[in-house]
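# Survey of secondary and tertiary structure
Residues per chain are reported as follows:
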Amino acid sequence: MAAAALNFLVCHQQSETSSVGIRSSFKPFPVINCKMPKISRLSQGGTGTFCIQLSAEGESRRSSTRPKIQMTLLDESLDRGKVIIKPSEILAYDLVQGPLVRWSYIADKTLPCPPTAVLLHGILGSRKNWGTFARRLAQEFPNWQFLLVDLRCHGDSASITKRGPHTVASAALDVLNLLGHLRVIPRVIIGHSFGGKVALSMVEQAAKPLARPVRVWVLDATPGKVRAGRDGDDHPAELITFLSALPNQVTSKREVITGLVREGFSNDVAQWVVTNLRKTNPSYSSSSAYSWTFDLDGIAQMYQSYEETNLWEVVEDVPRGVHINFLKAERSLHRWALGDLQRIHVAEEQAAEEGGTAGVEMHVLEDAGHWVHADNPDGLFRILSFSFQGF
């Protein structure tokens, strides 16, 4: 099916619409937050336009008399009955902008898009995993912006209805659709663990030749078969199975942590997992009921796909303009087979011999386990920094 041509205009005529909250905070740089809600009905005009009313989060009741800002989605293929992306299908994201960035894909289309990096979390994670690190990058590289995404079945994207199968490839296509929606062409894509394979799949699926060179970082993941860790390591498949046996609502984060540690999972992983719990009724501070923010059935499919997906072809025949960087944690949870390291090394040498704009490179992050951005953020920052220089 051909992609729909989408343009964004300003709709001045009032109509009944669904509300989308977008907030902007300055600490000390803007963070644009988009959690696309379930949109039950969009107003449709006679010319094939859809209007979505935008309102600021926390907007005062007294401001209700002010003119409403509306975003209009013009689907130029509507007459042919081909609607590719609906606003309610767009992934939730944060856009962390450096202090010098003045760009907005809605407000001002005359400004060129600033250099952009996409940061992708691992299985059972969320975009918030990258929040602190992204803000540090934005402070150091003030003319860059950093797109943090909740992948399908995770975080605020878990409430978005996504067709199966839930795979590495479908997760990558979601991110590509989001980039098209925002009209952003990234210069850097960083993916941790499962997110690393998503980044490679994005390269595989993107239209060739690429509009501009891109650096891809695959953090503590290999392109092929995923091998289980050693005894005593945390195994994601077993973790997903354990969480699936828990009720949809729990009364205490501490009980979940205790149960995970009792089952042999590390305290660090247990503490990390409960960050995916959210109060079921946040209006009442005394409420002690929590629910999970992810879709475990979908995540189980995604992890199986992660184990089985083979993307070696992307690495051993790198598209022009793509530079793939692998980063191995010194104390990795996952077993990096000698054969994997050798194949990456051969691909690295082959790309160097061929010259041109494609490349493969291997890095090792010392004093870090699988959670590289938490275990050694300073070392990771130093390794990644050269990707953002020269812009």
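The preceding data block contains the structure.
Calculation notes
- In this numbering scheme, every chain counts its residues from 1 along its sequence in written order.
- Local features in this predicted model are restricted to residues of pLDDT 70 or higher, and side-chain atom pairs are both shown and tallied only at a pLDDT of 80 or more, whereas totals for entire chains, interfaces and linings draw on every residue.
- Think of the side-chain values as coming from all heavy atoms in the structure, minus any hydrogens and water.
- Note on patches: the residues involved have over 30% relative accessible area and no salt bridge, like charges join within 9 Å, and the nonpolar side chains Val, Leu, Ile, Met, Phe, Trp and Tyr join within 5 Å.
- Accessible surface area values rest on a Shrake-Rupley calculation with a 1.4 Å probe, where residue burial reflects the displayed protein chains alone.
- Salt-bridge detection follows one rule: a side-chain nitrogen of Lys or Arg within 4 Å of a carboxyl oxygen of Asp or Glu.
- Asp and Glu are treated as the negative residues and Lys and Arg as the positive ones, with His and the ends of the chain left uncounted.
- We put the charge of a Lys on NZ, of an Arg on CZ, of an Asp on CG and of a Glu on CD.
- Helix and strand assignments come from DSSP, with helices taken as H or I runs of at least 4 residues and strands as E runs of at least 2, each series counted from the N terminus.
- Per-residue accessibility, obtained with a 1.4 Å probe over protein chains only, is compared with the maximum for each type, and a residue is labelled buried under 20%, exposed over 50%, and partly exposed between these values.
- Residues are treated as being in contact if the distance between any of their heavy atoms lies within 4.5 Å.
- Pairing between two strands requires that DSSP report at least two bridges joining them.
- Pairs of N or O atoms within 3.5 Å make up the polar contacts considered here, provided that, within protein, one atom can donate a hydrogen while the other can accept it, and that residues adjacent in sequence are counted only when both atoms are side-chain atoms.
- Each aromatic pair joins two rings of Phe, Tyr and Trp (for Trp, the six-membered one) with centres within 6.5 Å, and gets the label stacked for planes under 30 degrees apart, edge-to-face for over 60, and tilted for any other angle.

### What to know about a negative patch on the surface
- Taken together, the side chains of E204, E313, D317, E349, E353 and E354 define an acidic patch exposed on the protein surface.
- Tallying contributions element by element places helix α9 (residues 338-354) first for the negative patch, with three residues.
- Mapped onto the elements of the fold, E204 is located in helix α3 (residues 194-205).

### So, the environment of I240
- Looking at the secondary structure, you find I240 in helix α4 (residues 236-244).
- Exposure remark for I240: the relative accessible area of 4% places this residue in the buried category.
- Separated by 56 residues in sequence, I240 and L296 have C-alpha atoms that sit 7.1 Å apart.
- The contact partners of I240, leaving out residues within four places of it in the chain, are L124, L296, I299, A300 and Y303.

### A few points about the sheet that holds strand β13 (residues 277-279)
- Strand order in this open sheet of three strands is β12-β14-β13, and the pairing throughout is antiparallel. This sheet does not close on itself; its edge strands, each paired only once, are β12 (249-250) and β13.
- Pairing analysis gives three bridges linking β13 to strand β14 (residues 290-292), with the strands arranged antiparallel. When the bridges of β14 are listed, L277 appears paired with W292.

### Observations regarding the side chain of S387
- Here S387 lies in the segment after α11 (377-385).
- For S387, the side chain forms a polar contact with the side chain of W217, separated by 2.9 Å.
- Non-local contacts of S387, meaning those with residues more than four positions away in its chain, are made with W144, V188, R215 and W217.

### Topic: the packing of aromatic side chains
- Within the structure shown, the criterion is met by 13 aromatic pairs.
- Each ring, one from W144 and one from F146, has its centre 6.3 Å from the other, and the planes form 25°; the classification is stacked.
- Classification of W144 as buried rests on a relative accessible area of 0%.
- When its relative accessible area of 0% is taken as the criterion, F146 is described as buried.
- Judged by centre distance (5.1 Å) and plane angle (10°), the ring pair of W292 and F294 falls under stacked. With respect to burial, W292 and F294 carry one shared label: buried.

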